[in-house]
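Residues per chain, in single letters:
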Amino acid sequence: RSACLHGIFGSWVFALMCCLALVTSRNWFNAVEDRQSHVCRRTSAAAWTLVVTVALQYVLGALLRHQGRLLFEHMGFAAAVLIAAVWNLYAAVRTKSPWLRRSAVVILAVVTLQLVVGFGAYGARFGFGGDHVVQAGSLIQTVARTTHVLVGMLVWMAAVTHALRVERLASVRR
């Protein structure tokens, strides 16, 4: 149980460090000059829906990795994360803010990478059938599963920092 909490807490600390880097960046302060973007409640809703969806998915993944539970829920909820990332990109494009659009494109790219890596992690852990025999604790299994966790952290970090960007532009418009 403590390993599961440690992994989740670690991802939150990583996201916090990235948020600190964001709010001390030149782009954060230059956002005051961005008067042409149209950030609305829907943009904020899309960004925070993505954050919550990714957080839930990360918890499901931690339970799967450390307790061997909720495989199908984790796999199914990946579709919810993808849908939230697409909605987030759509909302970001509508703002006409290059700063938000770039961030949303990166999120969708990292989510897509995560799906591919997740497919590989599934195959390394459970196999795809046929003649391949899965060996518990093998190098390929360890690398695939750990890569899936690390890319998941990138998705989490990107979602949280994107939501902060949205709120920064929304506060400038007020």
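Predicted model, so just to flag it, every value in this text is computed and none were measured.

Enquirer: Tell me about the packing of aromatic side chains, residues and numbers included.
Expert: When we look at a pair of aromatic rings, we describe it by the centre distance and by the angle of the planes. Under the counting rule described, the total for this entry stands at three aromatic pairs. Measuring from ring centre to ring centre gives 6.4 Å for tryptophan 28 and tryptophan 99, while their planes differ by 70 degrees; the resulting arrangement is edge-to-face. Separated by 71 residues along the polypeptide, tryptophan 28 in helix H2 (residues 26-30) and tryptophan 99 in helix H5 (residues 98-126) bring together distant segments of the chain. In this pair, the class of tryptophan 28 matches that of tryptophan 99, namely buried. A ring pair is formed by tyrosine 122 and phenylalanine 126, whose centres lie 5.2 Å apart and whose planes are at 45 degrees; its orientation type is tilted. With tyrosine 122 and phenylalanine 126 both in helix H5 and four residues apart, the pair spans about one turn of that helix. In this structure phenylalanine 126 comes out as partly exposed when scored by relative accessible area, which is 40%.

Enquirer: Tell me about the packing of helix H4 (residues 71-95) against H5, and please be specific about residues and values.
Expert: Between H4 and H5, the shortest axis-to-axis distance is 8 Å and the interhelical angle comes to 165 degrees. With respect to each other, H4 and H5 are oriented roughly antiparallel. Once H4 is placed against H5, the crossing between them reads as left-handed. Between H4, through Leu71, Met75, Ala78, Val81, Leu82, Ala85, Val86, Asn88, Leu89, Ala92, Val93 and Thr95, and H5, the contact on the second element is made entirely by Leu100, Arg101, Ala104, Val105, Ile107, Leu108, Val111, Leu115, Tyr122 and Phe126. Partitioning the contact of H4 with H5 into residue classes produces 19 nonpolar, two polar and one charged.

Enquirer: Go over the packing of helix H3 (residues 41-67) against H4 with me, naming the residues and quoting the values.
Expert: Here H3 crosses H4 at 160 degrees, and the two axes come no closer than 8 Å. Judged by the angle between their axes, H3 and H4 are roughly antiparallel. Relative to H4, the crossing made by H3 is left-handed. Of the residues that constitute the contact of H3 with H4, the class distribution is 17 nonpolar, eight polar and three charged.

Enquirer: Report on the state of the cysteines, specifying residues and quantitative values.
Expert: Inspection of the entire model under this criterion finds zero disulfides. Cysteine cysteine 18 remains unbridged, with the sulfur of cysteine 19 as its closest cysteine sulfur at 7.1 Å.

Conventions adopted
- Residues numbered from 1 in each chain as written.
- Predicted model: local features only at pLDDT ≥ 70, side-chain atom pairs only at ≥ 80, totals over all residues.
- Heavy atoms only, no water.
- Phe/Tyr/Trp six-rings, centres within 6.5 Å; stacked < 30°, edge-to-face > 60°.
- Helix = DSSP H or I, 4+ residues; strand = E, 2+ residues; numbered from the N terminus.
- Buried < 20%, exposed > 50% of the residue type's maximum accessible area, 1.4 Å probe, protein only.
- Axes fitted to C-alpha atoms, helices over the stretch in contact; angles between N-to-C directions.
- Parallel < 35°, antiparallel > 145°, perpendicular 65-115°, else oblique.
- Left-handed = near helix turned anticlockwise from the far one by under 90°.
- Contact = heavy atoms within 4.5 Å.
- Nonpolar A, V, L, I, M, F, W, Y, C, P; charged D, E, K, R; others polar.
- Disulfide = S-S within 2.5 Å.

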